[in-house]
Amino acid sequence: STRSQVLSPDSPKMASIPAYSDFGKSAKDVLQGGRTGLFQFDTKVCLSGKSADGISFNINSVNKGDKVTADAKGSYKNKNLSVDATVTSASQLKTAVSYSNIAPGLKVGLSGTLPDVNSAKVSIDYVMQYLNLKTSLGLTSTPKVEMSATTGSQGFVVGGEVGYD
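Residues numbered from 1 in each chain as written. Predicted model: local features only at pLDDT ≥ 70, side-chain atom pairs only at ≥ 80, totals over all residues. Heavy atoms only, no water.

(A) How the structure looks around the overall build of the protein chain. Check the secondary structure of the protein chain and you find one helix and 10 strands. Of the regular secondary structure in the protein chain, the N- to C-terminal order runs α-β-β-β-β-β-β-β-β-β-β. Every one of the 165 residues in the protein chain was classed for burial, and the buried ones make up 16%. Considering only intrachain contacts with a sequence separation of at least 6, the fraction spanning at least 24 residues in the protein chain is 15%. (Helix = DSSP H or I, 4+ residues; strand = E, 2+ residues; numbered from the N terminus. Buried < 20%, exposed > 50% of the residue type's maximum accessible area, 1.4 Å probe, protein only. Contact = heavy atoms within 4.5 Å.)

Right under this line is the structure:
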């Protein structure tokens, strides 16, 4: 997700426009802590690490009542390439690969979850100083297309999203 920095209107350069899906996200995080429900009393254990060459891992386990869930995530990031793979206790393998700066501001990604072959999708993000475009296309026989656009200037931002299923 793209985050913008708040600059004063008299700053020489305005920050990039946030994605439409990020509107209201900061307020929601303050009110709900980024989760549904304000208080979380579940037991959670996390282990994480990072190597010098850009490989990181996270192992999480959550005990909710009598149910224990766990996942293990491995990530690799370098200048333009990002690869994430997560194995869940529900026997799923979630993967995402993205490459940025193919052209200035352009990022292309491919993601999916196994064994759900209908979850594969390709995403294209294009970010400029006054424009943020996001598109995702499901890689199925009946693809779902989602698009969002945001633009603005000097503290005024407007955007919208559309989808076709």
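(B) Quick look at the sheet that holds strand β4 (residues 81-88). Spatially, β1-β2-β3-β4-β5-β6-β7-β8-β9-β10 is the arrangement adopted by the 10 strands of the open sheet, whose pairing is antiparallel. Sheet topology places β1 (43-50) and β10 (156-164) at the edges, where each strand pairs with a single neighbour. Strand-to-strand twist of the sheet, defined as the mean angle between neighbouring strand axes without regard to direction, takes the value 10°. Both strand β9 (residues 145-153) and β10 contribute to a ladder of nine bridges, which runs antiparallel. Within the sheet, the bridge partner assigned to T150 lies in β10 and is G159. (Pairing = 2+ DSSP bridges. Axes fitted to C-alpha atoms, helices over the stretch in contact; angles between N-to-C directions.)

(C) Geometry of the confidence of the model for the protein chain. Within the protein chain, residue pLDDT values average 82, and 80% of them lie at 70 or more. Mean pLDDT values over the elements of the protein chain span from 58, in helix α1 (residues 25-32), up to 95, in strand β5 (residues 93-100). Across residues 1-14, where pLDDT falls below 50, the model places 28 contacts with residues more than four positions away in sequence or in other chains. (pLDDT = per-residue confidence, 0-100.)

(D) Region of the structure containing the pairing of β1. Among the eight residues of β1, zero are classified as buried, and the element is accordingly described as predominantly exposed. Bridge analysis of β1 against strand β2 (residues 55-64) gives eight bridges, and the strand direction is antiparallel. Each residue of the ladder has a partner; that of S48, found in β2, is N58. What sits between the antiparallel neighbours β1 and β2 is a turn of four residues, in which G54 has the positive phi angle 95°.

(E) Representation of the pairing of strand β8 (residues 131-138). Only one face of β8 is buried, namely the one carrying N132, K134, S136 and G138, since none of L131, L133, T135 and L137 on the opposite face is buried. In the sheet, strand β7 (residues 121-128) pairs with β8 via eight bridges, with the strands oriented antiparallel. Within β8, the residue paired with D125 across the bridge is K134. In sequence, β7 turns back onto β8 through a hairpin of two residues.

(F) Spatial organisation of a nonpolar patch on the surface. Together, I55, Y76, V83, V97, L110, L137 and L139 give the surface a local cluster of nonpolar side chains, amounting to about 540 Å² of exposed area. Secondary-structure assignment places L110 in strand β6 (residues 106-114). By relative accessible area, L110 is classed as partly exposed at 47%. (Patch = residues over 30% accessible without salt bridge, like charges linked within 9 Å, V, L, I, M, F, W, Y side chains within 5 Å. Areas by Shrake-Rupley, 256 points an atom, 1.4 Å probe, with all protein chains shown as cover. Salt bridge = Lys/Arg side-chain N within 4 Å of Asp/Glu carboxyl O.)

(G) Representation of unusual backbone geometry. Between L114 and the following residue, P115, the backbone shows a cis peptide bond with an omega angle of 15°. With respect to the helices and strands, P115 occurs in the loop between β6 and β7. Of note in the backbone geometry, S91 takes a positive phi value of approximately 60° without being a glycine. Among the secondary structure elements, S91 is positioned in the loop between β4 and β5. For N101, which is not a glycine, the phi torsion comes out positive at approximately 60°.

(H) Region of the structure containing the pattern of salt bridges. Summed over all chains, the structure comprises three salt bridges. Taking the shortest distance from any N to any O, the salt bridge between D84 and K77 comes out at 3.7 Å. Exposure remark for K77: the relative accessible area of 47% places this residue in the partly exposed category. For E146, the salt bridge identified is with K144, shortest N-O distance 3.5 Å.

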